[in-house]
Amino acid sequence: MAQVREAEEMARSQNAISTWIAVTIDARRQCRDVRFGRIDELPNKRVIPMSLKARRDRRRIIVENKFDPRIKPEWSNVRH
């Protein structure tokens, strides 16, 4: 939590807004999502909610389901 406070103080001192960014990879489908948001909007500053509902509700989407052939299906840690 100290790191979040430090980041917020640095942002304030520069008249900036502290933000987060999250990249999720679906290796099996070779797709990626990129989302970002403001730290002050997070209900819990220790985690970025990534449930389906949370991703739809509050997240600003930069990229969604973007196919990327550089992503290899064998990278997946999901076992079927």
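The following paragraphs examine the structure supplied in this document. The residue numbering used here restarts from 1 in each chain and proceeds along that chain's sequence as written. Side-chain atom pairs in this predicted model are given and counted only at pLDDT of 80 or more, local residue features only at pLDDT of at least 70, and totals for whole chains, interfaces and linings cover all residues. As a rule here, side-chain values cover all heavy atoms of the structure and leave hydrogens and water aside.

**Examining the overall build of the chain**
Let me state the cut-off plainly: Segments assigned H or I by DSSP are reported as helices when at least four residues long, segments assigned E as strands when at least two residues long, and all are numbered from the N terminus. Note that the radius of gyration is over C-alpha atoms, with the globule rule given as 2.2 Å times the number of residues to the power 0.38. Three exposure classes are used, based on accessible area relative to the maximum for each residue type with a 1.4 Å probe and protein chains only: buried under 20%, partly exposed in between, and exposed over 50%. Using a 1.4 Å probe, accessible areas were evaluated by the Shrake-Rupley method; residue-level cover was limited to the displayed protein chains.
Within the chain one finds two helices and three strands. A compact globule built from 80 residues would reach a C-alpha radius of gyration of about 12 Å, whereas the chain, at 15 Å, exceeds it by more than 25%. Once the C-alpha set of the chain is aligned to its principal axes, its extents read approximately 45 × 25 × 20 Å. In the chain, which comprises 80 residues, the proportion classed as buried is 26%. Working note: accessible area of the chain is about 6300 Å², and carbon and sulfur atoms make up 51% of it.

**Some thoughts on a nonpolar patch on the surface**
The cut-off we apply is this: Patch membership requires more than 30% relative accessible area and the absence of a salt bridge. Residues of like charge join within 9 Å; the nonpolar side chains Val, Leu, Ile, Met, Phe, Trp and Tyr join within 5 Å. The working definition used for a salt bridge is a side-chain nitrogen of Lys or Arg within 4 Å of a carboxyl oxygen of Asp or Glu.
Together, I21, V23, I25, F36 and I62 line one region of the surface with nonpolar side chains, adding up to about 460 Å² of accessible area. It is strand β1 (residues 19-26) that contributes the most residues to the nonpolar patch, three residues altogether. I62 sits in the partly exposed class, given a relative accessible area of 46%.

**A look at the sheet that holds strand β3 (residues 60-67)**
Test applied: Any two strands with at least two DSSP-identified bridges between them are counted as paired. As a rule, the C-alpha atoms of each element are fitted with a line to give its axis, helices using only the stretch in contact, and angles between N-to-C directions run from 0 to 180 degrees.
The strand order β1-β2-β3 describes an open sheet built from three strands, whose pairing is antiparallel. Pairing within the sheet leaves two strands with one partner each, and these edge strands are β1 and β3. Taking the axes of each pair of neighbouring strands and ignoring which way they run, one obtains an average angle of 10 degrees across the sheet. Summarising the sheet, strand β2 (residues 31-38) and β3 pair through five bridges and their orientation is antiparallel. Following the sheet pairing, C31 is matched in β3 by F67.

**Points about the pattern of salt bridges**
Scanning all chains against the criterion turns up seven salt bridges. For the salt bridge of D68 with R32, the shortest nitrogen-to-oxygen distance reads 3.2 Å. With D68 in the segment after β3 and R32 in strand β2, this residue pair connects regions lying 36 residues apart in the sequence. Among the ionic pairs, E64 bridges to R35, the shortest N-O distance being 3.0 Å. Of this pair, E64 sits in strand β3 while R35 sits in strand β2, and the two are 29 residues apart along the sequence.

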